Amino acid sequence: MRLRTVRPQAPRTWTVELRCQTGGLVLVCQHCPQDGRRVAAESARSAALAHLALHARSDLRAPHLRICQCHERGCRWHRRHRGCTGPIRLLLACERGGRIWRLADACGACAAATAQAAIVPDTVLAVPLHPLPARPRRPRRPRGPGERVRVSEILSYLAAALPADASAGARLLALQCALRMNAYMRVEFSAGLLRGLCIDAEEACHELERARWLRAVNGPGAAGVAAELRDATLLAQSPARPDRRRAAEWAVRTGCPARIGEAEPWLRLSGVYLAAHSDPSSGAGQRECDRIIRDCGLHDQGFHGVLSRLTANGVLEGWRICPDSGDVHWTLAPGR
Ligand SMILES: [Zn+2]
Ligand SMILES: [Zn+2]
Ligand SMILES: [Zn+2]
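Values in this document were obtained by computation on a predicted structure and should not be read as measured data.

## Details of the overall build of the protein
A count of helices and strands for the protein gives 13 helices and 12 strands. Taking all 336 residues of the protein together, 41% fall into the buried category. Sequence separation of 24 or more characterises 64% of the internal contacts of the protein that already satisfy a separation of 6 or more.

Laid out in structure tokens, this is it:
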């Protein structure tokens, strides 16, 4: 009888560095250092994300074979917490003001405790999208997770991809762009659709341009806007476009001022986020406070104030913060 030796698998953690060298920025990967390449400053962030995504995609592994890489390294990437728990997800973290980017498997507790980090949805990395599907059209069934999951995953991803101080209007617009873009990373909004978002679309668009996340091709103006996204990671989203578009429409409906009872983008973004993370049948939801604050960019908005106003407006039936875990538990008002 032959004994089989188990070959240890490479750890699922990857790091790239953006180095300033004479003549510009160079993207250096710890795992393929020979491939250091020059990147333009404006696209450095998305080049780093895209490269890390490439590594993660080439090492897809069954969930039970994934372990918390943060724990493996003594949890040095974050402040102290009560120990590893929760499902293992890919966590994207940035350090040293965006010079270092790390993508690693981490448990829910470590993910919540890591500063400047966000969970990258598995659906963003699953299968590369092939441009120009030449198959004949036939009725199709929706595939993959439902609208809520798609919206929650993209909002979480945007927390990593956009600057931490991105406005709520910019996040709402970026969510729509990510869900509606085509295989060439192009997206078009009619004037009516832009109005339906109830944000200062022009300002939000300029903000995303300043963050080098998109480039306006036409507009924004009276006829709407056409833009090209510069975040190459989004190209690998697995959900097909009709399913993504349905999720985009769900987000518009859920976040419209008439439903939230307020026009303020912060409240509408938080309302969409909480609805996306609620159980559709019971309306109950639970999440780490830190994570909601990060994913919704609520650093300066007063987290308790936002929850209280959503309750006063009849979006939430109630909420409480668990003193032990630091989690917030909420229930959507009936019919939400
Ligand atoms: Zn590499
Ligand atoms: Zn940890
Ligand atoms: Zn952990």
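From this point, the narrative continues.
## Quick look at the sheet that holds strand β8 (residues 214-221)
Each strand in a sheet pairs with its neighbour through backbone hydrogen bonds, running either in the same direction (parallel) or in the opposite one (antiparallel). Strands sit in the order β7-β9-β8 across an open sheet of three strands; the sheet is antiparallel. Looking at which strands have only one partner, the edges of the open sheet turn out to be β7 (186-189) and β8. For this sheet, the mean angle separating the axes of adjacent strands, direction not counted, is 10°. Strand contacts of helix α8 (residues 201-210): β8 and β9 (224-229), with the helix running at about 160° to β8, the strand carrying the most contacts.

## Section: the nonpolar core
Grouped together as the largest cluster of nonpolar side chains are 95 residues, with contacts concentrated most on Leu92, Leu173, Ala174 and Leu175. By residue number, the principal contributor to this core is helix α6 (residues 168-180), which donates nine residues. No fewer than three residues from each of domain 1 (144-254) and domain 2 (256-332) sit in this core. Apart from residues lying up to four places away in sequence, Leu175 is in contact with Val151, Ile154, Leu155, Leu158 and Ala251.

## Topic: the pairing of strand β12 (residues 327-332)
For a regular strand, the rule is simple: side chains alternate between the two faces of the sheet. Side chains Val328, Trp330 and Leu332 of β12 all project onto a buried face; the interleaved residues Asp327, His329 and Thr331 project onto a face where none is buried. As defined by bridge partners, strand β10 (residues 284-288) adjoins β12 across five bridges and the pair is classed as antiparallel. Among the inter-strand pairings, Arg287 is bridged to a residue of β12, identified as Val328. For strand β11 (residues 316-321) and β12, the ladder comprises five bridges, and the chain directions are antiparallel. Residue pairing for β12: Trp319 is matched across the bridge by Trp330. Connecting β11 to the next strand, β12, in antiparallel fashion are five residues, including Gly326 with a positive phi near 75°.

## Digging into the confidence of the model for the protein
Predicted confidence across the protein gives a mean pLDDT of 83, with 88% of residues reaching 70 or more. Segment residues 128-136: pLDDT under 50, and eight contacts once partners within four positions in sequence are set aside and those in other chains are kept.

## Considering the packing of helix α11 (residues 265-276) against helix α12 (residues 289-296)
At a minimum axis separation of 10 Å, α11 and α12 run at an interaxial angle of 130°. It follows that α11 is oblique to α12 by the angle criterion. Viewed along their axes, α11 and α12 form a crossing whose handedness is right-handed. From α11, Leu269, Ser270 and Tyr273 reach across to α12, where they touch Ile292, Asp295 and Cys296.

## Details of α12
Within α12, the full set of buried residues consists of Arg291, Ile292, Arg294, Asp295 and Cys296. Its buried side turned inward, α12 meets α3 (108-113), β6 (117-120), α5 (147-161), α11, β10 and β12. Among the residues trailing α12, Gly297 stands out with phi positive, at a value near 65°.

## Details of helix α9 (residues 241-254)
Given a rise of 1.5 Å per residue, 14 residues ought to cover 20 Å, and the 20 Å separating the end C-alpha atoms of α9 matches this to within 8%. Buried residues belonging to α9 abut α5, α6, α10 (257-260) and α11.

What counts, and at which threshold
Residues numbered from 1 in each chain as written. Chains lettered and ligands numbered in written order. Predicted model: local features only at pLDDT ≥ 70, side-chain atom pairs only at ≥ 80, totals over all residues. Helix = DSSP H or I, 4+ residues; strand = E, 2+ residues; numbered from the N terminus. Buried ≥ 20, exposed ≤ 12 C-beta atoms within 10 Å, placed from the backbone. Contact = placed C-beta atoms within 7 Å. Pairing = 2+ DSSP bridges. Axes fitted to C-alpha atoms, helices over the stretch in contact; angles between N-to-C directions. Core = buried A, V, L, I, M, F, W, Y, C linked by C-beta atoms within 7 Å. Domains from an automatic or database assignment. pLDDT = per-residue confidence, 0-100. Parallel < 35°, antiparallel > 145°, perpendicular 65-115°, else oblique. Left-handed = near helix turned anticlockwise from the far one by under 90°. Expected span 1.5 Å × (residues − 1).

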